[in-house]
Amino acid sequence: MYASIAPMFLKRLECSACGREHEWSRLQNLCGFCHKPLFAIVDLAAASRTLTRETLLAREKSLWRYREVLPLPPDVEPASLGEGGTPLLRARKFADDVDLWIKDESLNPTQSFKARGMSVAVSMAKYLGATKLAVPSAGNAGGALAAYAARAGVEAHVFMPRDTPRANIVECRELGAHVTLIDGLITDCAAEIDRRKAGEGWFDMSTLKEPYRVEGKKTLGYELAEQMNWQHRKSSRARDLPSELPDVILYPAGGGTGLIGMWKAFDEMEALGWIGKNRPRMFAVQAAGCAPIVRAFEAGEKNAAEFQDAHTIASGLRVPKAIGDFLILKILRDSNGGAIAVDDDEMIRVAREVGANEGLFVCPEGAACFAALKSLRSDGKIRSGERVVVFNTGSGIKYLECYEGHSRSGGL
Ligand SMILES: Cc1ncc(COP(=O)(O)O)c(C=O)c1O
Ligand SMILES: [Zn+2]
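The sections below set out a description of the structure shown in this document. (Residues numbered from 1 in each chain as written. Chains lettered and ligands numbered in written order. Predicted model: local features only at pLDDT ≥ 70, side-chain atom pairs only at ≥ 80, totals over all residues. Heavy atoms only, no water.)

1. Digging into the coordination of the zinc ion (ligand 2)
- Distances from the zinc ion (ligand 2) to its protein donors, namely Cys15 (SG), Cys18 (SG), Cys31 (SG) and Cys34 (SG), fall within the range 2.3 to 2.4 Å.
- Of note is the zinc ion (ligand 2), whose four donor atoms meet at the metal with angles of 97 to 120° in an arrangement that counts as tetrahedral.
- Sequence spacing of the donor residues for the zinc ion (ligand 2), all on one chain, is C-x2-C-x12-C-x2-C. In this pair, Cys15 sits in strand β1 (residues 10-15) while Cys34 sits in the loop between β2 (21-22) and β3 (38-42), placing the two residues 19 residues apart along the sequence.
- For Cys15, a relative accessible area of 4% translates into the label buried.
- Relative accessible area serves as the criterion here: at 28%, Cys34 is assigned to the partly exposed category. (Donors = N, O, S within 2.8 Å, 3.2 Å for Na, K, Ca; no water. Tetrahedral: all angles 85-135°; square planar, octahedral: opposite > 155°, others 65-115°. Helix = DSSP H or I, 4+ residues; strand = E, 2+ residues; numbered from the N terminus. Buried < 20%, exposed > 50% of the residue type's maximum accessible area, 1.4 Å probe, protein only.)

In structure tokens form, the structure reads like this:
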């Protein structure tokens with residue numbers, strides 16, 4: 001299926017492992033040669049003629065404000081529900097000896113950061129001719145696909161583990177998606193889609209198995225630089241200087257699209273002259289019951305073996321095998337960061353601490369990052385006075401049974 005070629009700054013797709021080029025104008029999943037993720041390559045020099053830090057000031061709040069560095073021809077309407085433009089909040093009390101900021105992604109449509117990836121990916125999939133989209137989901141990606149597919153007028157087929165939080169399941173159904181519950185993990189859901197997609201005519205929207213969810217997620221990086229720059233540099237002269245990124249980023253990694261997307265954004269912004277060479281130390285936060293990246297990082301491996309018997313209440317982190325494992329591990333090492341696991345009880349405890357201190361009802365994945373901050377601080381891996389950004393990737397409202405279950409049994 002080929003689309004008409006309209007002018008835009010997306011030039012080609014490039015394999016993140018073997019570097020081979022692929023055409024963007026055709027629906028694509030993985031690299032045709034080595035079956036690794038494809039990245040979108042944007043003509044940044046051309047994009048920068050209209051996309052500048054000054055022109056951004058007057059643009060809409062949604063992530064489509066970065067239109068020139070996103071795919072989709074300029075005359076095509078994106079599937080949008082107002083995603084992106086989320087607040088970067090200064091923490092009040094949670095940590096008193098670091099300069100802590102919270103990027104609150106729960107304010108996205110469908111209450112999680114998955115909206116960013118799906119807005120861009122659904123827009124492109126529809127533009128390139130897909131009519132039936134399928135995704136394996138820990139919960140939040142399914143809700144986001146269901147919403148954006150409805151908005152775009154295409155079908156959504158969502159495969160979730162049977163024990164996914166109820167809110168995610170109900171949400172998908174109410175948004176008109178075809179929902180299948182599987183007795184197993186997200187990897188089993190992915191295998192089921194793989195088996196049936198050719199026969200059913202589904203386009204596979206799995207994390208990193210198509211090139212554009214990561215493009216939506218990269219706007220996390222653009223927004224962070226923009227918010228740090230404009231919030232801390234008031235004089236117009238200072239605004240012309242490169243933006244400062246935080247010293248440390250703590251991100252709850254399942255498939256790792258957010259980490260990978262932010263890193264891509266940093267490279268692009270450096271090429272645009274918006275930031276310098278310095279990068280934040282990137283930390284992947286995982287659950288103790290499912291920590292393939294932590295294990296591989298500690299063992300010095302380039303790839304992460306599948307994690308057996310994965311279990312955690314942080315359903316978004318219950319990803320035993322990530323296709324972008326080699327990309328995540330390289331980012332953690334190149335940035336001088338690391339990987340850290342948090343157990344479920346600690347997530348629940350810390351979620352309440354964040355709630356009471358900061359006024360945010362965070363998801364367990366977000367709570368894991370706050371818990372990780374405490375242990376990295378006490379290990380000296382984060383130093384006093386450093387500027388740290390924690391991602392709260394979704395809302396606690398989607399996880400009522402897990403929070404209620406713990407208050408009843410644990411007396412918290
Ligand atoms: C709330 C939440 N946080 C974090 C993640 C992990 O995101 P990623 O797969 O981009 O690493 C998920 C994935 O489902 C999620 O739902
Ligand atoms: Zn390849």
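Picking up after the structure, the text goes on.
2. Some thoughts on helix α12 (residues 344-358)
- Spanning 15 residues, α12 covers 20 Å between terminal C-alpha atoms, matching the ideal 21 Å at 1.5 Å per step.
- Taken residue by residue, α12 has Asp344, Met347, Ile348, Val350, Ala351, Val354 and Glu358 as its buried positions.
- With a side-chain oxygen lying 3.3 Å from the backbone nitrogen of Asp345, the N-terminal cap of α12 falls on Asp343.
- In the stretch just after α12, Gly359 is the one whose phi turns positive, near 80°. (Expected span 1.5 Å × (residues − 1). Polar contact = N/O pair within 3.5 Å; in protein donor to acceptor, adjacent residues only side chain to side chain.)

3. A short note on the pattern of salt bridges
- This structure, assessed with the given rule, holds 31 salt bridges.
- The salt bridge involving Glu200 is made with Arg196; its shortest N-O contact spans 3.2 Å. Within this pair, Glu200 and its partner Arg196 are both found in helix α6 (residues 186-200), separated by four residues, close to a single helical turn.
- A relative accessible area of 33% means that Glu200 is categorised as partly exposed.
- Taking the shortest distance from any N to any O, the salt bridge between Lys218 and Glu215 comes out at 2.6 Å. Of this pair, Lys218 and Glu215 both sit in helix α7 (residues 213-232), separated by three residues, roughly a single helical turn. Each member of the pair Lys218 and Glu215 is classed as buried.
- One salt-bridge network, in which partners are shared between bridges, spans Lys103, Glu105, Arg116 and Glu223. (Salt bridge = Lys/Arg side-chain N within 4 Å of Asp/Glu carboxyl O.)

4. Observations regarding the pairing of β3
- Judged by how many residues are buried, β3 sits mostly within the fold: four of five residues are covered.
- Inspection of the sheet shows β1 paired to β3 by five bridges, in the antiparallel sense. In the sheet register, Arg12 faces β3, and the bridge partner there is Ile41. (Pairing = 2+ DSSP bridges.)

5. Focus on the side chain of Thr312
- Along the chain, Thr312 turns up in the loop between α10 (292-299) and α11 (325-334).
- For Thr312, a relative accessible area of 10% gives the class buried.
- A polar atom in the side chain of Thr312 sits 2.9 Å from the backbone nitrogen of Ala314.
- For Thr312, the side chain forms a polar contact with the side chain of Asp344, separated by 2.8 Å.
- With residues up to four places along the chain from it excluded, the contact list for Thr312 reads Ala287, Cys290, Leu317, Arg318, Asp344 and Met347. (Contact = heavy atoms within 4.5 Å.)

6. Topic: the site of ligand 1
- Surveying the vicinity of ligand 1 reveals 18 residues, the closest of which are Tyr251, Gly254, Gly255, Gly256 and Thr393.
- Tyr251 places a side-chain nitrogen or oxygen 2.8 Å from an oxygen atom of ligand 1.
- Within the side chain of Thr393, a nitrogen or oxygen atom sits 2.7 Å from a nitrogen atom of ligand 1.
- Computed on the free molecule, ligand 1 has an accessible area of 390 Å², of which 97% lies beneath the protein chains in the complex.
- Mapped by element, the contributors of at least two residues to the shell around ligand 1 are β10 (248-252) and α9 (257-272).
- Among the residues forming the shell around ligand 1, the class breakdown is seven nonpolar, eight polar and three charged. (Near = heavy atom within 4 Å. Areas by Shrake-Rupley, 256 points an atom, 1.4 Å probe, with all protein chains shown as cover. Nonpolar A, V, L, I, M, F, W, Y, C, P; charged D, E, K, R; others polar.)

7. A few points about the sheet that holds β2
- The strand order β2-β1-β3 describes an open sheet built from three strands, whose pairing is antiparallel. Only two strands of the sheet have a single partner each, and these edge strands are β2 and β3.
- Alignment of β1 against β2, held across two bridges, turns out to be antiparallel. Within the sheet, the bridge partner assigned to Glu14 lies in β2 and is Glu21.

8. Some words on a nonpolar patch on the surface
- A surface patch of nonpolar side chains, amounting to about 280 Å² of accessible area, comprises Phe361, Ile397 and Leu400.
- Residue position: Ile397 is located in the loop between β13 (387-392) and α14 (400-410). (Patch = residues over 30% accessible without salt bridge, like charges linked within 9 Å, V, L, I, M, F, W, Y side chains within 5 Å.)

9. Quick look at the side chain of Arg67
- For Arg67, the location among the structural elements is in the loop between α2 (53-57) and β4 (88-90).
- Here Arg67 is buried and forms no salt bridge, its nearest opposite-charge partner Asp75 lying at an N-O distance of 6.4 Å.
- A distance of 2.7 Å separates the side chain of Arg67 from the backbone oxygen of Val76, its partner in a polar contact.
- With sequence-adjacent residues up to four places away left out, Arg67 is seen in contact with Arg59, Leu72, Pro73, Pro74, Val76 and Pro78. (Lys, Arg positive; Asp, Glu negative; His and termini not counted.)

10. Here we look at the environment of Tyr251
- Within the secondary structure layout, Tyr251 lies in strand β10.
- Residue classification places Tyr251 among the buried residues on the basis of a relative accessible area of 2%.
- It is 6.4 Å that separates the C-alpha atoms of Tyr251 and Cys369, two residues lying 118 residues apart in sequence.
- With near-sequence residues (within four places) excluded, Tyr251 lies in contact with Phe113, Thr257, Gly258, Leu259, Met262, Phe283, Ala284, Val285, Cys369, Phe391 and Thr393.

11. Some words on the nonpolar core
- Core analysis: the largest hydrophobic core is formed by 49 residues, its most contacted members being Ile249, Phe266 and Met282.
- The dominant element in this core, judged by the number of residues it contributes, is α9, at eight residues.
- Setting aside residues up to four positions removed in sequence, Met282 forms contacts with Ile249, Leu259, Met262, Trp263, Phe266, Ile331, Leu332, Ser335, Gly337 and Gly338.
- Among the nonpolar cores identified, the runner-up in size contains 45 residues, and Ala40, Ala79, Leu133 and Val179 belong to it. (Core = buried A, V, L, I, M, F, W, Y, C linked by side-chain atoms within 4.5 Å.)

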